Amino acid sequence: MDNNFVNWEIQNADLVGMEGSFKKNIFIKNGKFDSIQDELSNSDVALFDARDLFLYPALINSHDHMIASYSPRVGGKVKYNNWLSWDNELKSSLVFSERQTLDISDLYQLGAYRNLLGATTTVMDHIPHFVNRSQIDGLLVRLVKDYTLSHSICSYSLGWGDGAEIEYSLAKQKKIPFVTHLGEGFDEESQRSFESLKKQNALGEFSVLVHCLPFGTKEAKEIAEANANLVWCPSSNLHIFGRTTNIESFIDAKVNISLGTDLAMAGSENILTEMKLAHSLLQETKYKKNAAQILFQMVTSNAAKSLQLSKNLGTVDVGKSADFFLLKKKSENPYENLLLSEPRDIVLLVKDGKPVFGKGSLESLFQELQVVSETIYLGNKDSEHFQILGSPKNVMKKLQSSLGYKKDLAFLPLVE
Ligand SMILES: [Zn+2]
């Protein structure tokens, strides 16, 4: 399908960037933004009138573990001191043994739908390459292909990668991200993990440090000076630990921060939900007034920068991949509007110039652009219907036949 590009134009959209929103006509050619201008083009192509809609760059989820795209969330009653204790609870749970009976490709498809409903087309799937390599091609969302990794920096880390020192030097050589959990807990090892990262020469502009829970002003400043990146996953942090990153210190230090949902079995339903929680936490800081705009940046340009993808993603600019979405206006402020939005407010989500999710009333656009989609209802049969790429109903049917009962997933609330 990818070599079968269709050219089309979005007219009269309110294009959202860091400086607010501006009315533009956007021409899409071969899956890229070909022109962004005030005038209409005269070409004879399919048109979409986006009058009264905001157009945003598609969102980027900076931290997920797609293989754990299952629900309900595990634990949450006991608040732990490090990730391993929760991981033990997870791995001894019935939900986990149920998940283990499923095909990896089904879990990745569920993960793709979870992200698409959150207006997300690009996901950093933190897992060794041998796990997701076979899943990347043909998946409905784009997984970051090029990265090196560790699981975490502690004595009880899982054995992902060849160690932080080697993995970081490889990342630096190839100019790709080195992704690791860091300080995922409050025990001594978690507190010492930053020193250990530095000793292994793994702190630098290619470091993507997920969580950093026990750190304060001093560490935040050092991370900023190294031009390293933080990924904040408040939903999963509060679920597992009852506390989250000292985010105000990291914003003060001007660290490049992006947002992640973390795995479905601990984190949020999607990045839109994550943003709402993050926004409520930012209300407790001096950044409460700009919180909506700060969060928009975290899920777009900051994420692209951190994942070394800015050349192709993160903003709506000529030459970049045509990944964007359109939202109804609930607020005249585009950033507040994004925060108020839920999956059902997405009018159209586009990846590589092709619609992947949108209002049922746009079915003819899906057809005109040669996209095979399925009609779905979200949470309520009486409400509007939607078109979505592929067939989530088939995935759910396969799940039902594997499990022997009809499974409900919080992050994919399909109704028959
Ligand atoms: Zn994680």
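For the structure itself, consult the block above.
Only a predicted model underlies this, so the values are computations on that prediction, with no experimental measurement involved.

## Description of the coordination of the zinc ion
Each donor-metal-donor angle in an ideal tetrahedron of four donors is 109.5 degrees, and each such angle in an ideal octahedron of six donors is either 90 or 180 degrees.
So, point 1. Around the zinc ion, the donor atoms from the protein are His-63 (NE2), His-65 (NE2) and His-181 (NE2), and they sit 2.1 to 2.2 Å away.
So, point 2. Within one chain, the residues donating to the zinc ion are spaced in sequence as H-x1-H-x115-H. Of this pair, His-65 sits in the loop between strand 6 (59-64) and helix 1 (83-91) while His-181 sits in strand 10 (residues 178-182); the two residues are 116 residues apart in sequence, bridging distant segments of the chain.
So, point 3. A relative accessible area of 3% means that His-181 is categorised as buried.

## Digging into the pattern of salt bridges
So, point 1. Scanning all chains against the criterion turns up 22 salt bridges.
So, point 2. The partner of Arg-142 in a salt bridge is Asp-352, with the nearest N and O atoms 2.9 Å apart. One end of the pair, Arg-142, is in strand 8 (residues 142-143); the other, Asp-352, is in the loop between strand 15 (346-351) and strand 16 (354-359), and 210 residues separate them in sequence.
So, point 3. Residue Arg-142 is classed as buried on the basis of its relative accessible area of 18%.

## Overview of the side chain of His-65
So, point 1. We classify His-65 as buried; its relative accessible area is 8%.
So, point 2. Polar side-chain contacts of His-65 include one of 3.4 Å to the side chain of Asp-262.
So, point 3. For His-65, the residues in contact, after removing those within four places along its chain, are Asp-125, His-126, Trp-160, His-181, Asp-262 and Leu-263.

## Details of the packing of aromatic side chains
So, point 1. By the definition in use, this model includes 12 aromatic pairs.
So, point 2. Centroid distance Trp-8 to Phe-324: 6.3 Å. Interplanar angle 35°. Geometry classified as tilted. Of the two residues, Trp-8 is situated in strand 1 (residues 8-17) and Phe-324 in strand 14 (residues 324-328); the sequence distance between them amounts to 316 residues. Just as Trp-8 is buried, Phe-324 falls in that class too.
So, point 3. When the centroid spacing of 5.1 Å and the interplanar angle of 20° are considered together, the rings of Tyr-56 and Phe-325 count as stacked. A residue pair is termed long-range when its members are at least 10 positions apart, and Tyr-56 in strand 5 (residues 53-57) and Phe-325 in strand 14 qualify at 269 residues. Across the pair, exposure class does not vary: Tyr-56 and Phe-325 are buried alike.
So, point 4. Through successive ring pairs, a cluster of aromatic residues spans Phe-54, Tyr-56, Phe-296, Phe-325 and Tyr-335.

## Describing the pairing of strand 5
So, point 1. The buried fraction of strand 5 amounts to five of the five residues, a majority that puts the element mostly inside the structure.
So, point 2. The alternating pattern of strand 5 places Leu-53, Leu-55 and Pro-57 and Phe-54 and Tyr-56 on opposite faces, both of which are buried.
So, point 3. Here two bridges tie strand 1 to strand 5, and the two strands are oriented parallel to one another. Note that in strand 5 the partner of Leu-15 across the bridge is Leu-55.
So, point 4. Both strand 5 and strand 14 contribute to a ladder of five bridges, which runs antiparallel. Bridge assignment links Pro-57 to a residue of strand 14, and that residue is Phe-324.

## Notes on helix 5 (residues 164-174)
So, point 1. Regarding helix 5, the residues found buried are Ala-164, Glu-167, Tyr-168 and Ala-171. The arc that holds the buried residues of helix 5, viewed along the axis, is 95°, so those residues lie on one side. Every exposed residue of helix 5 that faces more than 90 degrees away from the buried side is listed here: Gln-173 and Lys-174.
So, point 2. Among the structural elements, strand 9 (148-149), strand 10 and strand 11 (207-211) are those in contact with the buried residues of helix 5.
So, point 3. Once helix 5 ends, the next one or two residues include Lys-175, with phi positive near 55°.

## Side note on the sheet that holds strand 12 (residues 229-232)
So, point 1. Spatially, 9-10-11-12-13 is the arrangement adopted by the five strands of the open sheet, whose pairing is parallel. The two strands at the open ends of the sheet, each matched to only one other strand, are strand 9 and strand 13 (256-259).
So, point 2. Pairing between strand 9 and strand 10: two bridges, direction parallel. From the neighbouring strand, Thr-148 faces strand 10, where its bridge partner is Phe-178.
So, point 3. In the packing of helix 10 (residues 271-282) onto the sheet, contacts are made with strand 12 and strand 13, and the angle to strand 13 comes to roughly 130°.

## Some details on the packing of helix 6 (residues 188-199) against helix 7 (residues 217-225)
So, point 1. Running from N to C, helix 6 and helix 7 point in directions that differ by 25°, and their axes come no closer than 11 Å. Considering the angle they form, helix 6 stands roughly parallel to helix 7. Between helix 6 and helix 7 lies a crossing whose hand is left-handed. Contact residues: helix 6 offers Phe-194, Glu-195 and Lys-198, while helix 7 offers Lys-218, Glu-219, Glu-222 and Ile-223.
So, point 2. Broken down by class, the residue content of the contact of helix 6 with helix 7 amounts to two nonpolar, no polar and five charged.

Definitions and cut-offs
Residues numbered from 1 in each chain as written. Predicted model: local features only at pLDDT ≥ 70, side-chain atom pairs only at ≥ 80, totals over all residues. Heavy atoms only, no water. Donors = N, O, S within 2.8 Å, 3.2 Å for Na, K, Ca; no water. Helix = DSSP H or I, 4+ residues; strand = E, 2+ residues; numbered from the N terminus. Buried < 20%, exposed > 50% of the residue type's maximum accessible area, 1.4 Å probe, protein only. Salt bridge = Lys/Arg side-chain N within 4 Å of Asp/Glu carboxyl O. Polar contact = N/O pair within 3.5 Å; in protein donor to acceptor, adjacent residues only side chain to side chain. Contact = heavy atoms within 4.5 Å. Phe/Tyr/Trp six-rings, centres within 6.5 Å; stacked < 30°, edge-to-face > 60°. Pairing = 2+ DSSP bridges. Arc of directions from axis to C-beta. Axes fitted to C-alpha atoms, helices over the stretch in contact; angles between N-to-C directions. Parallel < 35°, antiparallel > 145°, perpendicular 65-115°, else oblique. Left-handed = near helix turned anticlockwise from the far one by under 90°. Nonpolar A, V, L, I, M, F, W, Y, C, P; charged D, E, K, R; others polar.

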